[in-house]
Amino acid sequence: MIILGIETSCDETAAALVKKEGNKIEVLSSEIATSLEMHAKSGGIIPENAAREQIKSILPVIEKTISKIPHQVRDDMAWLDAIAVTYGPGLIGSLLAGVETAKTLSLVWDKPIVPVNHLHGHLYACFIEHNPEFPAVGLVVSGGHTDFVYIKDHGQIEYIGGTRDDAAGEAFDKTARIIELGYPGGPAIAAAAAKCKVKGEKLKIFPRPMINDDSLDMSFSGLKTAVANYVKVKTLNTDHRSLIAANIQEAIVDTLVAKSLIAIEKYRPRSFLLSGGVAANKRLEFCLRKVAQSISKSPQIYVSSVKNSTDNAAMIATTALYNYRPIHWSEISANPSLAIDS
Ligand code: KG4
Ligand code: ZN
């Protein structure tokens, strides 16, 4: 089965052709256009601008994706089985660009549509290169979400805890702005933190709220206030910036790892899936693997590869291939506030 995946929930316009044979996933082509540079200039995403860029990029990105299929085969669309598209959560203008395009292609090519939850897409990024066993616990850490889920089997996803306020990626982005590291903040903070030589207690400047309770709830909104207050009394030079960056990263990583350990001990899964843009953070992966090694009956840890962690369409097509529930194009509509367990 071959599915065309379309992803436009935020500032990336992505399309991919993915094939599944048995449990083997093959990404035939995957293209991404991003309006990141534009948002870097404005210091964050302006939804109207992101939507406008989606509309500009969507058809060229799909054309480029499909051009990888040989000419002789391409003209007759018989090789394609369905179109999968992200219908939420995300920015409404951005989502509509993908959903309306998918509907039109579905009508013109006479192919069914498979609606995909963007957050499931992040989890299934781990299935592109691996075959994790169930039951699994997943942690989706992105710019808009920090959610723990219990996955009994394909499509059986239950929310079990997460942030009460800001997402971990949002905390990286907002604190990076305070210390003038630009957007997106996660990679910028990781790069600045890598230059910091300091270790141990000196990396405990900022608070880790809720880290000591045994729930899976987290809170990251206090971090930006703590960073803003700290910066008020310090002059920012390169050394200082990297010390603050390392402290921000350590506060976020410590919290995510402590809560992951609670989730593992409570649910005893066979697999633990770490995915979403923040999963690209190498310090997070290192600390998670280290702590998992220290416990008995540790689950197998799967971290989506860097190229599959941030928004892409291969993860959307892969989700649809494992959860093939096609519908008619007239039945789909975008849902910006779609929950992870719906
Ligand atoms: O999943 P994603 O591409 O988009 C959303 O669905 O939100 O995640 C984007 C988020 C941003 O907040 C970005 O700062 C963060 O992922 N991010 C990182 C890293 N790379 C991206 N955070 C920490 N370390 C990284 N290396
Ligand atoms: Zn995402």
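First, a word on what this report is: a plain description of the structure on this page.

Notes on helix α7 (residues 168–178)
Here is step 1 of the chain: Turning to α7, its buried residues number three or more, namely A168, G169, A171, F172, D173, T175 and A176.
Here is step 2 of the chain: Against β6 (136–141), β7 (146–153), α8 (185–194), α9 (221–232) and α10 (238–267) lie the buried residues of α7.
Here is step 3 of the chain: Backbone geometry just after α7 places E180 at a positive phi near 55°.

Some details on the site of ligand 1
Here is step 1 of the chain: Around ligand 1, a shell composed of 18 residues is seen, among which H122, G143, D173, G186 and G277 lie nearest.
Here is step 2 of the chain: One of the side-chain N or O atoms of D173 is found 2.7 Å from an oxygen atom in ligand 1.
Here is step 3 of the chain: With respect to ligand 1, the backbone of G186 contributes an N or O atom lying 2.9 Å from an oxygen atom.
Here is step 4 of the chain: Considering ligand 1 on its own, with 550 Å² of exposed area, one finds that the protein chains cover 88% of that surface.
Here is step 5 of the chain: Cavity membership is defined here by more than half of the atoms lying within 2 Å of grid points; on that basis ligand 1 lies in the largest pocket.
Here is step 6 of the chain: Looking at the shell around ligand 1, the elements that each hand over two or more residues are α5 (118–124), α7 and α8.
Here is step 7 of the chain: Tallied by class, the residues present in the shell around ligand 1 amount to 5 nonpolar, 11 polar and 2 charged.

Examining unusual backbone geometry
Excluding glycine, residues mostly have negative phi values, and the peptide bonds linking residues are mostly trans.
Here is step 1 of the chain: The step from F134 to P135 runs through a cis peptide bond, and the omega angle for that step is 0°.
Here is step 2 of the chain: Inspection of the secondary structure puts P135 in the loop between α6 (126–129) and β6.
Here is step 3 of the chain: In this structure, M210 takes a positive phi of about 65° despite not being glycine.
Here is step 4 of the chain: Along the chain, M210 turns up in the loop between α8 and α9.

Examining empty space enclosed by the protein
Here is step 1 of the chain: In this structure the tally under the stated criterion is 1 cavity of 30 Å³ or more.
Here is step 2 of the chain: Quantified by volume, the largest cavity comes out at close to 30 Å³.
Here is step 3 of the chain: What lines the largest cavity is P207, R208, P209, F220, L223, A251, I252 and T255.
Here is step 4 of the chain: With 3 residues, α10 is the largest single contributor of residues to the lining of the largest cavity.
Here is step 5 of the chain: Here the residues of the lining of the largest cavity are counted per class, giving 6 nonpolar, 1 polar and 1 charged.

As for the packing of α10 against helix α11 (residues 282–293)
Here is step 1 of the chain: Contact pair α10 / α11: the axes reach a minimum separation of 10 Å and the direction vectors enclose 35°. Between α10 and α11 lies a crossing whose hand is right-handed. Along the contact surface, α10 presents Q249, E250, V253, L256, V257, S260 and L261, while α11 presents R283, L284, C287, L288 and V291.
Here is step 2 of the chain: Among the residues making up the contact of α10 with α11, the classes are represented as 8 nonpolar, 2 polar and 2 charged.

Criteria and thresholds
- Residues numbered from 1 in each chain as written.
- Chains lettered and ligands numbered in written order.
- Predicted model: local features only at pLDDT ≥ 70, side-chain atom pairs only at ≥ 80, totals over all residues.
- Heavy atoms only, no water.
- Buried < 20%, exposed > 50% of the residue type's maximum accessible area, 1.4 Å probe, protein only.
- Helix = DSSP H or I, 4+ residues; strand = E, 2+ residues; numbered from the N terminus.
- Contact = heavy atoms within 4.5 Å.
- Near = heavy atom within 4 Å.
- Polar contact = N/O pair within 3.5 Å; in protein donor to acceptor, adjacent residues only side chain to side chain.
- Areas by Shrake-Rupley, 256 points an atom, 1.4 Å probe, with all protein chains shown as cover.
- 1 Å grid on protein atoms, 1.4 Å probe; cavity = no way out; pocket = protein on both sides within 12 Å on 5 of 7 lines; lining within 4 Å.
- Sits in = over half its atoms within 2 Å of the grid points.
- Nonpolar A, V, L, I, M, F, W, Y, C, P; charged D, E, K, R; others polar.
- Points joined across faces, edges and corners; volume = space filled by probe spheres on them.
- Axes fitted to C-alpha atoms, helices over the stretch in contact; angles between N-to-C directions.
- Left-handed = near helix turned anticlockwise from the far one by under 90°.

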